[in-house]
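# Analysis of the macromolecular model
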Amino acid sequence: MTTDIKKTELKVKKSPKQKLWSVLKTTLLYGLVFIVIYTAINWWRQPVMPANPQLQLTDYQGQTLDLAAMSREQPTLVYFWGTWCPICTYTSPTIDKLAAAGNYPVVTIAIKSGSNQQLQNYMQQNNFDFTTVNDEDGAIFADWQGQVTPSYVILKDGEMTQGLTGIQPLWSLKLRLWLSSVF
C-alpha cells in the first residue's frame, strides 16, 4: 500500500499548456509519418513516362491533340481515369473545374471506358466538359506503366515533371502546375 501512495505522489500532473503541447507534438509526429508513407506510396504507384511516349493523341470527338506542343506553352495536366472507377467520381469534378478555369491545359485519358459513344454519354450525364482521349483497350495507360486510377501526370516541354495518384484537391493540382511553370 505504501508503494501505491509513493507512485501516486510521484506522478506529476500536467498543466493545460503541457497537455496541449503533448497533443500537438503527437499530432505533428503522426502527420509527419503519414506524409512520409503517403509520399513513398505515391512515388511507387505513379505513372512512368515511356521512352518514346505517344504525345499526339485524338480525343473521342476526333480532335487531334499534341501534348508536347501544349506543354511547351504551359504545364499540362494529363489525368488518367475510368468511368468504372469509384474514386474518379470524386476526382473528375475537380478536374472539370480545373479545365473550365482555363489557366492550364488539361487532357484526360479515359481507360477502358467503352466506345466513344458510351464515353460521350457518360460525359454528358455527368456534365463533364474536359478534353478526353478514349483509351478503349488501356494501351496508353499501360505504356505509362499506370497502376491505379486516378493517376495524374504533369508535362512541361514534353517531359514529365510530376506524377501523382489518388485523390488530389484542386489547390494541390493548381500548386503543382504553378510549381512546374516556375521551376
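## Some points on the overall build of the protein chain
- Each helix and strand counted, the protein chain has seven helices and seven strands in total.
- Its helices and strands taken in sequence order, the protein chain reads α-α-β-β-α-β-α-β-α-β-α-β-β-α from the N to the C terminus.
- Each of the three principal axes of the protein chain carries a C-alpha extent, and together these read 85 × 35 × 30 Å.
- Once local pairs closer than 6 in sequence are excluded, the contacts in the protein chain between residues at least 24 apart make up 69%.
- Of the roughly 11400 Å² of accessible surface on the protein chain, a fraction of 59% belongs to carbon and sulfur atoms.
- In the protein chain, which carries 15 positive and 13 negative side-chain charges, the distance between the mean positions of the two groups comes to 26 Å.

## Notes on helix α2 (residues 16-45)
- With 30 residues, α2 extends 43 Å between its outermost C-alpha atoms, agreeing within 8% with the 44 Å of an ideal straight helix rising 1.5 Å per residue.
- The buried count for α2 comes to one of 30 residues, which makes it a mostly uncovered element.

## With respect to the environment of Pro105
- By the element assignment, Pro105 lies in the loop between α4 (88-101) and β4 (106-111).
- Distance from Pro105 to Thr94, taken between C-alpha atoms, is 14 Å for residues eleven residues apart in sequence.

## Notes on the packing of aromatic side chains
- What the rule picks out here adds up to eight aromatic pairs.
- Ring geometry for Tyr122 versus Phe128: centroids 6.3 Å apart, planes at 50°, classification tilted. Just as Tyr122 is buried, Phe128 falls in that class too.
- Aromatic pair Phe128 and Phe130: ring centres 5.1 Å apart, planes at 25°, arrangement stacked.
- Linked through ring pairs, Tyr79, Trp81, Tyr122, Phe128, Phe130 and Tyr152 together constitute an aromatic cluster.

## Considerations on the environment of Ile95
- Within the fold, Ile95 resides in helix α4.
- Between the C-alpha atoms of Ile95 and Pro169, which are 74 residues apart in sequence, the distance is 9.3 Å.
- Filtering out sequence-adjacent residues up to four positions away, Ile95 remains in contact with Leu77, Tyr79, Val106, Thr108, Phe130, Tyr152 and Leu173.

## Considerations on a nonpolar patch on the surface
- Together, Leu29, Val33, Ile37, Ile41, Trp43 and Trp44 give the surface a local cluster of nonpolar side chains, amounting to about 680 Å² of exposed area.
- Mapped onto the elements of the fold, Leu29 is located in helix α2.

## A few points about the packing of α4 against helix α7 (residues 170-182)
- Interaxial distance between α4 and α7 falls to 10 Å at its minimum, and their mutual angle equals 45°. Taken together, the axis directions place α4 and α7 in an arrangement best described as oblique. Between α4 and α7 lies a crossing of right-handed hand. On α7, the residues touching Thr94, Ile95, Lys97 and Leu98 of α4 are Leu170, Leu173, Lys174 and Leu177.
- A class-by-class count of the residues in the contact of α4 with α7 yields five nonpolar, one polar and two charged.

## Considerations on the sheet that holds strand β7 (residues 159-165)
- Reading across the sheet, the five strands line up as β5-β4-β3-β6-β7 and stay open at both edges, with mixed pairing between neighbours. Each edge of the open sheet is held by one strand with a lone partner, namely β5 (131-135) and β7. On average, each strand axis in the sheet is tilted by 20° relative to the strand beside it, whichever way the strands run.
- In this sheet, β5 lies alongside β4 in parallel orientation, the contact comprising five bridges.

So, how was this worked out
- Residues numbered from 1 in each chain as written.
- Predicted model: local features only at pLDDT ≥ 70, side-chain atom pairs only at ≥ 80, totals over all residues.
- Heavy atoms only, no water.
- Helix = DSSP H or I, 4+ residues; strand = E, 2+ residues; numbered from the N terminus.
- Contact = heavy atoms within 4.5 Å.
- Areas by Shrake-Rupley, 256 points an atom, 1.4 Å probe, with all protein chains shown as cover.
- Lys, Arg positive; Asp, Glu negative; His and termini not counted.
- Charge placed at Lys NZ, Arg CZ, Asp CG, Glu CD.
- Expected span 1.5 Å × (residues − 1).
- Buried < 20%, exposed > 50% of the residue type's maximum accessible area, 1.4 Å probe, protein only.
- Phe/Tyr/Trp six-rings, centres within 6.5 Å; stacked < 30°, edge-to-face > 60°.
- Patch = residues over 30% accessible without salt bridge, like charges linked within 9 Å, V, L, I, M, F, W, Y side chains within 5 Å.
- Salt bridge = Lys/Arg side-chain N within 4 Å of Asp/Glu carboxyl O.
- Axes fitted to C-alpha atoms, helices over the stretch in contact; angles between N-to-C directions.
- Parallel < 35°, antiparallel > 145°, perpendicular 65-115°, else oblique.
- Left-handed = near helix turned anticlockwise from the far one by under 90°.
- Nonpolar A, V, L, I, M, F, W, Y, C, P; charged D, E, K, R; others polar.
- Pairing = 2+ DSSP bridges.

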